[in-house]
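Single-letter residue listing:
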Amino acid sequence: MEKSTAYVLQVRPKIPARLARLEELANNLWYSWDRPTRALFARLHPGLWRVTGQNPKAFLKRIDEQRLLEAAEDRVFIGNLNRVLAAYDTYHEQRQPVQGSNMLRKDDLVAYFCAEFGFHESFPIYSGGLGILAGDHCKAASDLCLPFIGVGLLYRQGYFHQTIDGEGNQIATNTDSNFADLPITPAKNAAGEEVYTWVDLPGRRVDIKVWQAQIGHITLYLMDTHLESNNPHDRDITHRLYGGDKVMRIEQEIVLGVGGVRALQALGLKPTVWHINEGHAAFLVLERIREKMLSDNLDFASAIECVAANTIFTTHTPVPAGHDHFSEGMMQEYFSHYYPDLKLDREGFLSLGRTPTSPDFNMTALAIRGTRFNNGVSRIHGDVSADICGDMWPAIEHAENPMTYITNGVHAPTFLATEWIEVLDRHLGSEWSARLNDVEFWSGVDNIPDHLFWSVRQSLKSKMLNLVRERITAQHFRNHGSEAHLDRLLKYANPENPNVLTVGFARRFATYKRATMLFGDLDWLREILHNPERPVVFIFAGKAHPADIPGQDLIRHITQISKMPEFEGKILLVEGYDLALARKLVSGVDVWLNNPLYPLEASGTSGMKAGLNGAINLSVLDGWWGESYDGKNGWAIKPVSENLSDEVRTREETRTLFELLQDQVVPLYYNHNKVGLSPDWVKMAKRSMATIMPRFNSKRMVAEYLAKCYLPASQQYRLYKQNHYENSLAIANWKARVRDAWSGVTLRRLDNPLSQINYGDSVRLEMAIKLNGLGAEDVAVEILMGLSSKRDKLQSSVRYAFENTGKITESGEQIFAVQIQPEKCGKLEYRIRAYPYNDMLTHPLEMGMMRWL
């Protein structure tokens, strides 16, 4: 037979006038959290909706026109459409900022940079937790009506699609997105022209096209290098998320950081607050400094002060090795053209990213030096980050340095199952969505009748099991499994009988997350799973990075265990982990399992999503769970000493896991009353929802960023910018003077220390300080006093400030004094210190200098 050529012709339906606004709905990612909008599209053609990956824009291009014509005459459909449009219009007409955000001025604008954003599976420019968190941040900023934009990269290939073969081997496939199917449009400037910008790479210029996506009230700008004017290598810079080698990584980060700043310039946007979400975008600091020096004629020291004053850096990495770094040679190759613009020599430039432990240029070091607001993403991670980054403030104790924390949160409208909405409306009142952060209000979850709460949970489990069965069936037959064996596999995953205790574990397969910890004692696991009266099913899902062989070994290990006859049907591994599966799992499982190696879980958010749906967490006390666990809202695996080997720690914590499963989790679930539910289980599940919803939602998180970072950053920027940056110059000169003098600053005590006084008595202390040319107003002198028995003396101390007496010793030292009256009895310990002080500093200890007596 003679070969023929196949041509493709796309025939697009004409959308009837009555349905015209469907296109508007399809082009705003509001649909990613508004389920009635997605349901509206699904009703038109459920099969096509599934095939197009729940992508409204792709769906509208492919649906048969006859269905649209019929829908336009369908009163029920038109009624549903009108309700969706009414909700859409009400949401978008609300322009008044919510609670405190109105303290940002009319000309304020927050620019949020991240390497990935996860809104919905129909827009695949994310890989995992960082991207979903960034998406939730944007959604909450929209809900709060903040003046806010996002900046990222537009990848043609998002993270890979995963299949798993019969031996447990992960097979990664990548497919290019068709931009015409994505909810994006070319970004345009005020004149209506499409916006392009560029970056300089070694020996060439790379052109960048700017696209935009609408997320409720806010806009996300995305950069794309796949242009005819670029060579094939440069077109691929934005081709694949986290693809390629170090060369590709630095080029992506230049496009994101440098290109992102230039894109906003080309759009005529002037952010007053800049947020670097993880170090990938830290090169924006260099471009903004360069811009200040060229356009405002500032010197480098003044420019970096001005830039840092309104820039926030959030780190998500719990280990030093996880921070991006590039060799000196690579930085020289890519940034030598920056040296003259910044008026720095090679050494001066490279020092911006240097750490004491490595000559490499570290992106976290650059981010910290170029920002004044720094945070981790949970209380534990804040402490870990303060330790990891402690060298940035060498004389400051880690517990006191500028690294703080803002715990992550999740976007409740995205992850709260629809089934809960009517229940919450009825028993908490329709205002529940406006009172997401009200802890006392959410205690009202107790008012939901037990049988109704249990019924919703079982219904959600049934829907989750339907999807799990669908995925495992496709996986099984593709791997040439038999139908008889499939029945065995799915025996306990029965949507018609959702009374089996179901435990979920779904996340990235990285070794520190210890996905296979459950298999540390197979005999004990058999004992737990082999009670026919109390069956238990474990559902695993997740991807391993294609280059992470140990992570892929975990998938193989789970597959091997699941094939053992005694575990068949009780351990299930579901392929193709994505947002659609994640939403079903977090809402449908009974228990959410998380057992990372402490303290390597920066925050974790999947457990939050499970908790706000009434699932119960069983987790190592790491990340967010270290703040959430109260003894009544789930189960905790207390980490054993970090001084022990990883093997010993895992063995000990595995024992705790099995004890909890055997003695508490399984018996509690199956302690049914006469109506077939476990009252004590429902009590704990209600407390899970009531305690997690108000404290770990993204509206609370973004409101905290607003109060702790965005508002003070915008205020600092106005202070540093006024009168043509005179305060930027002043603080830069002051810091230079302090650095020159500080090595010669000394402290000497003048009074004779008392060893005992009576309660109520006061004591006067005097210090003589050699200021080495600094003024008395340039230092703060303090006494820190607390009980000597306290473990954390710094945090529990009371501070008393010394005042300058105006007197000088014969040798020229300034005399400072303080009169104190201790507030406690007992053995008190106190220490005396001095540090540089200027009321224009963003953080009082940002210089990293301290002198202790």
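Higher on the page you've got the structure.
Rules used in this analysis
- Residues numbered from 1 in each chain as written.
- Predicted model: local features only at pLDDT ≥ 70, side-chain atom pairs only at ≥ 80, totals over all residues.
- Heavy atoms only, no water.
- Phe/Tyr/Trp six-rings, centres within 6.5 Å; stacked < 30°, edge-to-face > 60°.
- Helix = DSSP H or I, 4+ residues; strand = E, 2+ residues; numbered from the N terminus.
- Buried < 20%, exposed > 50% of the residue type's maximum accessible area, 1.4 Å probe, protein only.
- Pairing = 2+ DSSP bridges.
- Axes fitted to C-alpha atoms, helices over the stretch in contact; angles between N-to-C directions.
- Core = buried A, V, L, I, M, F, W, Y, C linked by side-chain atoms within 4.5 Å.
- Contact = heavy atoms within 4.5 Å.
- Salt bridge = Lys/Arg side-chain N within 4 Å of Asp/Glu carboxyl O.
- Parallel < 35°, antiparallel > 145°, perpendicular 65-115°, else oblique.
- Nonpolar A, V, L, I, M, F, W, Y, C, P; charged D, E, K, R; others polar.
- 1 Å grid on protein atoms, 1.4 Å probe; cavity = no way out; pocket = protein on both sides within 12 Å on 5 of 7 lines; lining within 4 Å.
- Points joined across faces, edges and corners; volume = space filled by probe spheres on them.

With that settled, the discussion passes to the packing of aromatic side chains. In the structure shown here, the tally under the stated rule is 33 aromatic pairs. Both rings, one in W420 and one in F453, keep their centres 4.9 Å apart while their planes meet at 50°; by these two values the pair is tilted. Pair noted here: W420 is in helix α18 (residues 419–428) and F453 is in helix α19 (residues 450–478), with a separation of 33 residues, a long-range link. Taken as a pair, W420 and F453 share a single burial class, namely buried. Each ring, one from W624 and one from F696, has its centre 5.1 Å from the other, and the planes form 75°; the classification is edge-to-face. On the criterion of sequence distance, the pair formed by W624 in the loop between β19 (616–620) and α25 (625–628) and F696 in the loop between α27 (679–692) and α28 (698–742) is long-range, its members being 72 residues apart. The burial state of W624 is the same as that of F696; both residues are buried. Put simply, the rings of F283, F326, F335, Y338, Y339, F349 and F361 pair up and form one aromatic cluster.

A sheet is described by the order of its strands in space; here 4 strands give the open sequence β21-β22-β26-β25, paired in antiparallel fashion. Each edge of the open sheet carries a strand with a single partner, namely β21 (746–749) and β25 (803–808). For this sheet, the mean inter-axis angle between neighbouring strands, taken without regard to orientation, is 30°. As defined by bridge partners, strand β22 (residues 763–770) adjoins strand β26 (residues 814–820) across 7 bridges and the pair is classed as antiparallel. Residue pairing in the sheet places R764 in a bridge with Q819 of β26.

What follows covers the pairing of β21. Burial along β21 is one-sided: L747 and R749 are buried, and none of T746 and R748, which face the opposite way, are. Of the pairings in the sheet, the one linking β21 to β22 comprises 4 bridges and is antiparallel in character. For R748, the partnering residue across the bridge sits in β22 and is A768.

Burial along strand β10 (residues 311–314) is two-sided: the face carrying T311 and F313 and the face carrying I312 and T314 are both buried. Pairing between strand β9 (residues 273–277) and β10: 4 bridges, direction parallel. Each bridged residue has a counterpart across the sheet, and for H275 the counterpart in β10 is I312. In this structure, β10 lies alongside strand β13 (residues 373–376), joined through 3 bridges in parallel fashion. Pairing of T314 across the sheet is with N375, part of β13.

Judged by nonpolar contacts, the single largest core of 145 residues is most densely connected at L25, F123, F283, F349 and Y710. For this core, the leading source of residues is α28, giving 10 residues. Among residues more than four places away in sequence, those in contact with F123 are L29, L154, L182, P183, I184, A213, L220 and L222. Membership of the second largest hydrophobic core comes to 104 residues, among which are A417, L554, I555 and I637.

Each neighbour pair has its own omega, and for Y598 with P599 the value is 0°, a cis peptide bond. Secondary-structure assignment places P599 in the loop between β18 (591–594) and α24 (606–611). Of note in the backbone geometry, C145 takes a positive phi value of approximately 55° without being a glycine. With respect to the helices and strands, C145 occurs in the loop between α7 (129–143) and β2 (148–153). If you check the backbone angles, N772 has positive phi at about 55° while not being a glycine. Structurally, N772 is set in the loop between β22 and β23 (779–787).

Evaluated as defined, the whole model comprises 49 salt bridges. Of the charged contacts, one joins E287 and R290 as a salt bridge, the two residues approaching to 2.9 Å between their closest N and O atoms. Taken together, the residues span about one helical turn, with E287 and R290 both in helix α10 (residues 284–296) at a distance of 3 residues. Each member of the pair, E287 as well as R290, is classed as buried.

Along the chain, S606 turns up in helix α24. Residue contacts for S606: discarding those within four places in its chain leaves A506, R507, V586 and W592.

Two elements in contact, helix α21 (residues 522–529) and helix α26 (residues 646–669), have axes separated by 11 Å at closest approach and are oriented at 10°. Judged by the angle between their axes, α21 and α26 are roughly parallel. Taken together, the residues of α26 that come into contact with α21 (itself represented by W524, L525, E527 and I528) are R655, F658, E659, L661, Q662 and V666. Taken together, the residues that form the contact of α21 with α26 break down as 6 nonpolar, 1 polar and 3 charged.

A word on empty space enclosed by the protein. If you walk through the whole model with that rule in mind, you get 6 cavities of 30 Å³ or more. When its volume is computed, the second largest cavity comes out at roughly 80 Å³. M785, G786, L787, V798, Y800, E823, K824 and L828 together form the lining of the second largest cavity. Elements supplying a minimum of two residues to the lining of the second largest cavity: β23 and β24 (798–801). Here the lining of the second largest cavity gets 3 residues from one element, more than from any other, and that element is β23. The residue makeup of the lining of the second largest cavity, split by class, is 5 nonpolar, 1 polar and 2 charged.

Here the focus is helix α16 (residues 379–388). Within the span of α16, buried status applies to I380, H381, G382, V384, S385 and A386. Tucked into the core, α16 has its buried residues touching β13, β14 (403–405) and α25.

Sheets are built from strands paired through backbone hydrogen bonds, the pairs being either parallel or antiparallel. Within the open sheet, the 6 strands sit side by side as β17-β16-β15-β18-β19-β20. Their pairing is parallel. Each of the sheet's edge strands pairs with one partner strand only, and the pair in question is β17 (571–574) and β20 (634–637). For this sheet, the mean inter-axis angle between neighbouring strands, taken without regard to orientation, is 20°. Here 4 bridges tie β18 to β19, and the two strands are oriented parallel to one another. Residue pairing across strands places N594 opposite S619, the latter belonging to β19.

Further remarks concern the packing of α26 against α27. Direction vectors running N to C along α26 and α27 enclose 105°, while the axes themselves pass 7 Å from each other. The angle between the axes of α26 and α27 places the two elements in the roughly perpendicular class. Between α26 and α27, the contacting residues are V665, L668 and Y669 on the first element and D680, W681 and M684 on the second. Its residues placed into classes, the contact of α26 with α27 shows 5 nonpolar, no polar and 1 charged.

Counted as a void, the second largest pocket has a volume near 1200 Å³. Going through the elements one at a time, α2 (35–44), α6 (75–93), α17 (412–415), α18 and α28 are the ones with two or more residues in the lining of the second largest pocket. For the lining of the second largest pocket, the element with the highest residue contribution is α6, accounting for 6 residues. Classifying every residue of the lining of the second largest pocket by side-chain character gives 17 nonpolar, 8 polar and 9 charged.

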